[in-house]
Amino acid sequence: TVRAWQLPVMLGAAASAEMAATVLLTPMEVLKLRVQTDAASAARGVLGTFGHIMRHEGVGALYVGLTPIAMRQLPYTATKLVTYEVFARSCTRAAAALERRLMPDSDGKRLRPYGILAAGLLAGAAAAVVSHPADLLLTRLCGSAQTTNLAECVIAVGVVDQLRYLMSLGFRGAYSGLGPRLVMTSAMTSVQFYIYEGVRSALGVGVSKPPPQPVAAPA
């Protein structure tokens, strides 16, 4: 029963954590976009732009990009975390088996970091592929116009318009630029999980302990 619910629980936990982070991230994304694309906002700076938006547009203007950001971040984070958990054990076991085959007297732990790096590469690649269309949407979608000029980009349309624009690109268009992002995300994710597992091992958190021996019943 626990194994049957393991994957849904991991997906739900990852999606919930990322949704909370996205709610905090969206205003920063909107401010960054305004400062990058609007000369007046660039002159005001981040804090000045924040104050201007609150006075003249209201707090809702800070969340106009929530949907496309969530469309990118939720599948990215959920896929990355779950894929790593799925592949980490098999990759580390394969590394240990290879090590014992090459060095019969080894304890099977010397090649474990390479297994972690491999699992991180796979997790990063899967996350990049799943989230790339939404990442492209977040970069290109500008108002209701189909323009690829980032200098004119303001994310301020509904979900229907966003999906319609994404579908208009076609499969190949939705995955344009995947190569560089695939390399970047895979490398970054492998390093992240390598450090993550290193810290866990140093703190003794991820170290598996032998099960307790059963206590013999008294005669």
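The structure reproduced in this document is the subject of the present report. All figures in this text were calculated on a predicted structure; none of them were measured in a lab. (Residues numbered from 1 in each chain as written. Predicted model: local features only at pLDDT ≥ 70, side-chain atom pairs only at ≥ 80, totals over all residues. Heavy atoms only, no water.)

### Focus: the overall build of the protein
Across its full length, the protein carries seven helices and zero strands. Tracing the protein from N to C terminus, the helices and strands come up as α-α-α-α-α-α-α. Split into buried and exposed, the 219 residues of the protein put 33% on the buried side. In the protein, once contacts between residues fewer than 6 apart in sequence are set aside, the share between residues at least 24 apart is 70%. Carbon and sulfur atoms form 66% of the exposed surface of the protein, whose accessible area is close to 13300 Å². (Helix = DSSP H or I, 4+ residues; strand = E, 2+ residues; numbered from the N terminus. Buried < 20%, exposed > 50% of the residue type's maximum accessible area, 1.4 Å probe, protein only. Contact = heavy atoms within 4.5 Å. Areas by Shrake-Rupley, 256 points an atom, 1.4 Å probe, with all protein chains shown as cover.)

### What about helix α5 (residues 159-168)?
Along α5, the residues that are buried comprise Gln162, Tyr165 and Leu166. The buried residues of α5 all sit within an arc of 100 degrees when viewed along its axis, so they share a single face. Across from the buried face of α5, at angles greater than 90 degrees, the exposed residues are Val160 and Met167. At the exit of α5 stands glycine 170, carrying a positive phi of roughly 80 degrees. (Arc of directions from axis to C-beta.)

### A word on a nonpolar patch on the surface
Residues Met19, Val23, Phe50, Met54, Val59 and Tyr63 make up a contiguous nonpolar surface patch of roughly 460 Å² in combined accessible area. Among the secondary structure elements, those contributing two or more residues to the nonpolar patch are α1 (2-37) and α2 (39-56). If you trace the backbone, methionine 54 turns up in helix α2. A residue is classified by how much of its surface remains accessible, and methionine 54, at 37% relative accessible area, is partly exposed. (Patch = residues over 30% accessible without salt bridge, like charges linked within 9 Å, V, L, I, M, F, W, Y side chains within 5 Å. Salt bridge = Lys/Arg side-chain N within 4 Å of Asp/Glu carboxyl O.)

### Considerations on the packing of helix α3 (residues 66-102) against α5
In contact at an axis separation of 10 Å, α3 and α5 are set at 55 degrees when each is read in the N-to-C sense. With respect to α5, the element α3 is oriented oblique. When you trace α3 past α5, the crossing you get is right-handed. Here Thr67, Pro68 and Met71 of α3 come into contact with α5, specifically with Val159, Gln162 and Leu163. Within the contact of α3 with α5, the residues separate by chemical class into four nonpolar, two polar and no charged. (Axes fitted to C-alpha atoms, helices over the stretch in contact; angles between N-to-C directions. Parallel < 35°, antiparallel > 145°, perpendicular 65-115°, else oblique. Left-handed = near helix turned anticlockwise from the far one by under 90°. Nonpolar A, V, L, I, M, F, W, Y, C, P; charged D, E, K, R; others polar.)

### Brief notes about the environment of alanine 14
You can see alanine 14 is positioned in helix α1. For alanine 14, a relative accessible area of 4% gives the class buried. Considered as a pair, alanine 14 and alanine 78 are 64 residues apart in the sequence and their alpha carbons are 5.0 Å apart. The contact partners of alanine 14, leaving out residues within four places of it in the chain, are Thr77, Ala78 and Leu81.

### A few points about helix α7 (residues 178-203)
Here α7 contains 26 residues, and its C-alpha end-to-end distance of 37 Å stays within 8% of the 38 Å for a straight helix at 1.5 Å per residue. Of all the positions in α7, only Leu178, Arg181, Thr185, Ser186, Thr189, Ser190, Phe193 and Glu197 are classed as buried. Taken from the residues just after α7, glycine 204 is the one with a positive phi, measuring 75 degrees. (Expected span 1.5 Å × (residues − 1).)

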